[in-house]
Amino acid sequence: MEVYFDNSATTRCYEEVRDIVIKTMMEDFGNPSAMHRKGIEAEKYVRESAEILAGILKVSEKEILFTSGGTESNNLALIGSAMANRRKGNHIITTAVEHAAVSQPIAFLKEQGFDVTVIPVDSQGVVRTDILENSLRPDTILVSTMMVNNETGAVMPVEKIGCLLKEKCPNALYHVDAIQGFGKFRIYPKKWGIHLLSVSSHKIHGPKGVGFLYIDSKAKVQPLILGGGQQNGMRSGTDNVPGIAGLGVAAQKVYRNLDRNVEHLYELKERMADGLNSIDNVVINGMPLREGAPQILSVSFQGVRSEVLLHALEERNIYISAGSACSSHRRKPSSTLSAMGMKASQIENTVRISFSEENTFEEVDYCLQVLKEVLPVLRKYARR
């Protein structure tokens, strides 16, 4: 049995996604900017995907900008909006648990002279909204928070933050990194006061290398990629039609079955947690199971380094993560877990188990069985 529990790193494409990607590569392969029939056929896929995504978010299709994925979406949202609104103010607010695709662009903006405030989180990994509120200033132009933490599954109160900004700091733009939240929650940017929203395709069974950024029509954002003026001049370059078409199909399928899928994810998570609680020296981190995101479980196995456990499970065809996929090859301690007040000894013993709708209870049971077999052995060797 092969068990893939690293779905927050990437998911397997739906078969329908595979089919439309092949079709747009081999049959409807025209350049969507071309004026002949092949170009019009290709452009139709781009337009239809924009309509699907706009319908899910209850926004205008003109507010959907296709990108190469979550990292580009975050960079454009942060750098593009900060540069475009610099005359209005110089202050940016973010949190201590952001993905590198947010924290690194903000570090770049700090180097450019912007004043950055980093808001701490509580022991469950949730941003301190009271401190965020007290940090708002007349010159605050941008607030950026994730919706779901990619390591712990902590769900941020984005609707509350959006309402807070509307009331206390109406001139500030609110950016939400929804890369782990889209496809797991219903999201309404207009209603919630979100001006910029980043999404990645390969987290929802779509192709890699494509995503989108929702940009509120009233938000001022400076383009980062210049050239032929595609997408109304906001992102030049030939549209990735196969990726965009696949993203549209994936999003449509995910939201058509959202309630059923999310309930299945929570049931998988609860079954795994129940089994883990029967094993000695295991700690489940973060929010209560049903309050956190349905697909992510952060677990610390005392006395076993995460990389050692990862490879022990890999030998039995079980795939999990030692943390964020973007940092799993680095030896730096997790900034997210550190911000939650976790000790270094616990951080180095922490793994992420992340589910998809395709996972089964049998896979959960197999993983638990293997854990019960390998943990005593690994702990025995660790003590030597």
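Residues numbered from 1 in each chain as written. Predicted model: local features only at pLDDT ≥ 70, side-chain atom pairs only at ≥ 80, totals over all residues. Heavy atoms only, no water.

Counting its secondary structure elements, the protein contains 13 helices and twelve strands. Taking the principal axes of the C-alpha coordinates as reference, the protein spans close to 65 × 55 × 35 Å. Counting over 384 residues, the protein shows a buried share of 57%. A total of about 17200 Å² of accessible surface is found on the protein, and carbon and sulfur atoms cover 50% of it. Side chains of the protein give 45 positive and 44 negative charges; the mean places of these two sets differ by 4 Å. (Helix = DSSP H or I, 4+ residues; strand = E, 2+ residues; numbered from the N terminus. Buried < 20%, exposed > 50% of the residue type's maximum accessible area, 1.4 Å probe, protein only. Areas by Shrake-Rupley, 256 points an atom, 1.4 Å probe, with all protein chains shown as cover. Lys, Arg positive; Asp, Glu negative; His and termini not counted. Charge placed at Lys NZ, Arg CZ, Asp CG, Glu CD.)

Counting residues in each nonpolar core, the largest one holds 68 residues, and the members touching the most others are L57, I64, F66, L132, F182, L197 and F212. A per-element tally of this core places helix α8 (residues 241-256) first, with nine residues. Discounting chain neighbours no more than four positions away, the residues touching L197 are L57, H175, V176, A178, I187, F212, L213 and Y214. (Core = buried A, V, L, I, M, F, W, Y, C linked by side-chain atoms within 4.5 Å. Contact = heavy atoms within 4.5 Å.)

The grouping of I22, M25 and M26 at the surface amounts to a nonpolar patch, some 340 Å² of accessible area in total. Considering the arrangement of structural elements, one finds I22 in helix α1 (residues 15-26). I22 sits in the partly exposed class, given a relative accessible area of 46%. (Patch = residues over 30% accessible without salt bridge, like charges linked within 9 Å, V, L, I, M, F, W, Y side chains within 5 Å. Salt bridge = Lys/Arg side-chain N within 4 Å of Asp/Glu carboxyl O.)

Attention now goes to the side chain of T140. Turning to its location among the elements, T140 is positioned in strand β5 (residues 140-146). Taking the relative accessible area as the measure of exposure, T140 reaches 2% and is therefore buried. At 2.7 Å, the side chain of T140 and the side chain of H91 are in polar contact. Only 2.9 Å separates the side chain of T140 from the backbone nitrogen of R137, close enough to count as a polar contact. (Polar contact = N/O pair within 3.5 Å; in protein donor to acceptor, adjacent residues only side chain to side chain.)

Moving on, we get to helix α4 (residues 100-111). Across its twelve residues, α4 extends 16 Å between first and last C-alpha, which sits within 8% of the 16 Å expected from 1.5 Å per residue. Taken as a whole, α4 has its buried residues at A101, V102, P105, I106 and L109. When α4 is viewed along its axis, its buried side chains cluster within an angular range of 120° and face the same direction. Exposed residues on α4 whose side chains face more than 90 degrees from its buried face are Q104, K110 and E111. Along its buried surface, α4 packs onto α3 (70-84), β3 (91-95), β4 (115-119), β5 and β6 (173-177). (Expected span 1.5 Å × (residues − 1). Arc of directions from axis to C-beta.)

Taking strand neighbours across the sheet as the criterion, the seven strands line up as β2-β8-β7-β6-β5-β3-β4 in an open arrangement whose pairing is mixed. Both edges of this open sheet fall to β2 (64-67) and β4, since each of them pairs with a single strand only. In this sheet, adjacent strand axes meet at a mean angle of 20° when their direction is disregarded. Across three bridges, β3 lies against β5 in parallel orientation. Following the sheet pairing, I92 is matched in β5 by L142. Contacting β2, β7 (196-200) and β8 (211-215), helix α2 (residues 37-57) runs over the sheet at an angle of about 120° to β2. (Pairing = 2+ DSSP bridges. Axes fitted to C-alpha atoms, helices over the stretch in contact; angles between N-to-C directions.)

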